[in-house]
Each structure stands twice: as C-alpha cells, then as structure tokens.
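The residues making up each chain are set out below.
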Amino acid sequence: MTKTPAVAHFVAVSDLSKPAAEQEGILVEVSGTGDTKKNRAKALDIVQEMWEKEEIDLNRFPDGLTPEHIFYVPSDSPQVKSSQAVSDSSDSQELLPIVQGAQEIIQLTKLQLEVQEASEQAEQYIPIIKVVLERSRPLTAEEKELAKDKKYGKTIERLGSIVAAQEEFQETCSGNGNLVLNAIAWQLSQGAEPQAEKN
C-alpha cells in the first residue's frame, strides 16, 4: 500500500455575516498536517489566487478575504459525530456547520475507499460466500483451501467491520455536507473551473 502524502483541509467561508447554518464556502486541501499558521496561510493563498483569477465570483466574499475566513477542518477523529465531539480539540469552539459538513465528507470518502479496497480483496471469496449462504452445493477442493486460509476469515471480518462503520457514520452525519456541495454547484454555475489550471 503506498503512503499517501499528508494533507490538511480548510474551508474558506464566503460570508461571515450570515448565520452559521447558512454559511457556505470552498473546501481547500493543502500539503501538510494540522492546523498551523503555515497551512492556514497556504489555504488563504490558494483561495486568494482563485479569487484573483476570477475562478470565484468577486461578490462571493463581500467583506474581502482575510485569515478570519479560513477555518480548519479537523479530520483526525473518525468518531466525530457532532460539533460537540470536536469542540474540545479545536480552541473549545463549536464547528461551523459548513466545516462540520466538510469534515463529514472527508471521513465518508475515507470510509468509501476502505470499503472498496476491502471489497476488492474479498472478491476472490464470492463463490465460497454464495455456496455457504445458499447451501447449493459442496465447496470444491480449491474453495476449501481458500476458506481454510487465515486471510479468508480476516478479510470477510474486516469488510463487515468497515461496512458497519460506514453505515454508522452515515447515519450520524448532520447533512451539512450539502453546504459544501451547494458551494461547489454555485461555483460551477458561475462558469468557474472547479480547479485552477496550472500554466
């Protein structure tokens, strides 16, 4: 398995004067880990560059674009179920709904990738699983050998655990991920490219 580079996520909230539940923004990924001044500066630079290139509508940030518009999206805890669960770890303040939504999107994406990887590893066991569930025929000699392998049980168990974790997390999500989706849809409707083109 290749090691993925460390990244930190931030949301640039477009209008701080709106009530928290109505705030929208742009999800930004920077290389590095954690909520550091350097990472915040990188996130602000990315959004400012998009703004200057008019990839973001100029009216999108009515009060300008400042460091106060940049919010860290904590992603270390897979068990984040509500803003209260994270409030202790990030300046004891409650997460903005859009930041919570961004966090949930990131976690759901990680879980989806894990489910897909586990499913790919379990694919070779599908015939065995079908036979066991349907009791339609005895296992072949090859299937018996596969089923006796330690990897068989571990793979099936891992897949079950990951699917359960994905479903549990999905059920506890706030639905605030739609705020990020709405912001993306709004950007695309303005004719902006979703990502800056590198010259």
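Structural data are supplied above this passage.
Residues numbered from 1 in each chain as written. Predicted model: local features only at pLDDT ≥ 70, side-chain atom pairs only at ≥ 80, totals over all residues. Heavy atoms only, no water.

S.K.: Is there a simple way to explain the packing of helix α3 (residues 97-122) against helix α7 (residues 177-189) in this structure?
M.R.: When two helices pack together, their arrangement is given by the angle between the helix axes and by the axis-to-axis distance. Their axes nearest at 6 Å, the elements α3 and α7 cross at an angle of 95°. With respect to each other, α3 and α7 are oriented roughly perpendicular. In contact with Pro97, Ile98, Gly101, Ala102, Glu104 and Ile105 of α3, α7 contributes Gly177, Leu179 and Val180. For the contact of α3 with α7, the residue count by class is 6 nonpolar, 2 polar and 1 charged. (Axes fitted to C-alpha atoms, helices over the stretch in contact; angles between N-to-C directions. Helix = DSSP H or I, 4+ residues; strand = E, 2+ residues; numbered from the N terminus. Parallel < 35°, antiparallel > 145°, perpendicular 65-115°, else oblique. Contact = heavy atoms within 4.5 Å. Nonpolar A, V, L, I, M, F, W, Y, C, P; charged D, E, K, R; others polar.)

S.K.: What exactly am I supposed to notice about helix α1 (residues 37-52) here?
M.R.: Owing to its 3.6 residues per turn, the α-helix brings residues three or four apart onto one side. Helix length check: α1, at 16 residues, gives a terminal C-alpha distance of 22 Å against a target of 22 Å (1.5 Å per residue), a fit within 8%. The inward-facing, buried residues of α1 contact β1 (7-13), β2 (25-31) and β3 (70-73). Just beyond α1, the residue with positive phi is Glu54, at close to 60°. (Expected span 1.5 Å × (residues − 1).)

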